[in-house]
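# A look at the structure
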Amino acid sequence: MKQMKILSKSLQSKFDHLKQCLAAMKAVAVGFSGGVDSAFLLRAAGDAMGKNVLAVTAVSETTPRRELGQAVLFARAVGVRHLQVPTRELDLPEFVDNTCDRCYVCKKYRFERIRQTAEAHGIFLLADGENLDDANDFRPGRRAADELGIRHPLVEAGMNKSDIRQLSQWLNLTTWNRPSSACLASRIPCGSRITAEKLRQVDEAEEFIRRLDISSQIRVRHEGETARIEADTAAICRLADDSIRQKIVTHLQRLGFRFVSLDLEGYCTGNMNTALRAD
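Residues numbered from 1 in each chain as written. Predicted model: local features only at pLDDT ≥ 70, side-chain atom pairs only at ≥ 80, totals over all residues. Heavy atoms only, no water.

## Quick look at the overall build of the protein chain
Note the following rule: Helix and strand assignments follow DSSP, with helices taken as H or I runs no shorter than four residues and strands as E runs no shorter than two, numbered in order from the N terminus. Relative accessibility thresholds used throughout: buried, under 20% of the residue-type maximum; exposed, over 50%; partly exposed, between the two (1.4 Å probe, protein chains only). To be clear on the numbers: accessible area is Shrake-Rupley with a 1.4 Å probe, and residue cover counts the displayed protein chains and nothing else. Neither His nor the chain termini are counted; the positive set is Lys and Arg, and the negative set is Asp and Glu. Just so you know, the charge point we use is NZ for Lys, CZ for Arg, CG for Asp and CD for Glu.
For the protein chain, the helix and strand inventory stands at twelve helices and seven strands. Burial analysis of the protein chain (279 residues in total) assigns 48% to the buried set. Total accessible area on the protein chain stands at roughly 13400 Å², and carbon and sulfur atoms take up 51% of it. The averaged location of the 36 negative side-chain charges in the protein chain is 6 Å from the averaged location of its 41 positive side-chain charges.

If you want it as structure tokens, here you go:
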């Protein structure tokens, strides 16, 4: 990957602001999923604070296996201490019932576990990878983070997703063009009970379709007996090709789905939050 030679004045100013913000923290634990935003934040924090940075990844049935593996490799590559904290969201009735506040329940529980881990290692300040664009979606998890005093350095520096991708590319981070990610529970519509089996079906279905190397962005929405596939619009025709279509249908039916559909609108961030935003 060819590195960008120079940054625009605006982007350089935001980057400088972020570095100053991080340096002032002295020590921080980063809630690290391995996605574009938290990976960039972790690299910036590591540059600013060295050994005083701890990456903490919450791991449960809601964690896509691929993303966990990527998180481990990235933390190792940037030389930051990385801990995996087992979490048990499926023991929380409020989470399993999957109300519109599911993300609030999950985030509060996860951040409390991350805080306990960080404090056991002598770090008392926590940060996450939220950016300015996240304010445009329905994110009750933000309320939980704010209640617990979690810092949002990328927001404080005025950075949106495009800024983060550009700076990640400039820093030669392998995550710079990685597709957006989210926990597996986000594939299950609010009001539909969350189970370990549903989460497993979604994870295995998405991993199978990704291995076909047709679309970089894949979501399999679990709608009872139906698996609704979302992908980049440019990939829809290829996914509907007879040979590919039959492979997908056969595999997803083996996973337990009765019907398999392809969403012609294509992938859209926060697609399942549309009704919640309207409310």
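## Remarks on the nonpolar core
What counts is decided by this rule: Residues belong to a common nonpolar core when they are buried Ala, Val, Leu, Ile, Met, Phe, Trp, Tyr or Cys residues joined through side-chain atoms within 4.5 Å.
Formed by 32 residues in total, the largest nonpolar core has its most connected members in Leu18, Phe40, Leu42 and Met159. At the level of secondary structure, the elements contributing two or more residues to this core comprise helix 1 (9-25), strand 1 (28-31), helix 2 (36-49), strand 2 (53-59), helix 3 (65-78) and helix 8 (161-170). No other element matches the eight residues that helix 2 contributes to this core. One finds Phe208, Ala227, Ile248 and Phe257 within the second-largest nonpolar core, a separate group that totals 16 residues.

## Concerning helix 11 (residues 242-254)
Counted only if it meets this: To estimate the expected span of a helix, subtract one from its residue number and multiply by 1.5 Å.
Look at helix 11: 18 Å from first C-alpha to last across 13 residues, which is about the 18 Å you get at 1.5 Å a residue. Considered for burial, the residues of helix 11 that qualify are Ile244, Ile248, Val249, His251 and Leu252. Where helix 11 terminates, the next one or two residues include Gly256, which has phi positive at roughly 120°.

## Looking at the packing of helix 1 against helix 2
We apply this condition: Here the axes come from fitting lines to C-alpha atoms, over the contacting stretch only for helices, and the angles between their N-to-C directions go from 0 to 180 degrees. Angles below 35 degrees are treated as roughly parallel, those above 145 as roughly antiparallel, those between 65 and 115 as roughly perpendicular, and all remaining angles as oblique. Crossing handedness is read from the near helix: turned anticlockwise from the far helix by less than a right angle, it gives a left-handed crossing, and turned clockwise, a right-handed one. Contacts between residues were defined by any pair of non-hydrogen atoms, one from each residue, lying within 4.5 Å.
Where helix 1 meets helix 2, the axes come as close as 9 Å, and the angle between the chain directions of the two elements is 60°. Overall, the two elements helix 1 and helix 2 adopt an arrangement that is oblique. Taken as a pair, helix 1 and helix 2 cross one another with a handedness that is right-handed. Residue-level inspection shows Phe15, Leu18, Lys19, Leu22, Ala23 and Met25 of helix 1 in contact with helix 2, the latter providing Phe40, Leu41, Ala44, Ala45, Ala48 and Met49.

## Focus on the sheet that holds strand 7 (residues 259-262)
Where we set the bar: Paired strands, as defined in this entry, are two strands with at least two bridges between them according to DSSP.
Strand order in the open sheet formed by three strands is 5-6-7, and the pairing between neighbours is mixed. Where the open sheet ends on each side, the last strands, each with one partner, are strand 5 (218-223) and strand 7. Recorded for the sheet is a direction-independent mean angle of 25° between the axes of neighbouring strands. Here helix 9 (residues 196-211) sits on the sheet in contact with strand 5 and strand 6 (226-231), set at roughly 150° to strand 5.

## Thoughts on the environment of Ala205
As for its position among the elements, Ala205 is in helix 9. Spatially, the C-alpha atom of Ala205 lies 38 Å from that of Leu11, the residues being 194 residues apart in sequence.

## Things to note about the environment of Leu83
With respect to the element layout, Leu83 can be found in strand 3 (residues 81-86). Given the relative accessible area of 26%, Leu83 is considered partly exposed. Separated by 90 residues in the primary sequence, Leu83 and Leu173 have C-alpha atoms spaced 21 Å apart. In this view, Leu83 contacts Leu54, Ala55, Val56, Thr57, Thr117 and His121; residues no more than four positions away in its chain are not counted.

## Observations regarding the pairing of strand 2
What counts is decided by this rule: By convention a crossover is right-handed if, when the strands point away from the viewer, the path from the first strand over the helix to the second runs clockwise.
Across the seven residues of strand 2, six count as buried, placing the element largely inside the fold. Pairing geometry for strand 1 and strand 2, over four bridges, is parallel. By the bridge assignment, Ala29 is partnered in strand 2 with Leu54. Following the chain from strand 1 across helix 2 to the adjacent parallel strand 2, one finds a crossover that is right-handed. As defined by bridge partners, strand 2 adjoins strand 3 across six bridges and the pair is classed as parallel. Following the sheet pairing, Leu54 is matched in strand 3 by Arg81. On the question of chirality, the crossover connecting strand 2 to the parallel strand 3 by way of helix 3 is right-handed.

Interpretation note: all reported values are geometric properties and have no functional meaning in isolation.
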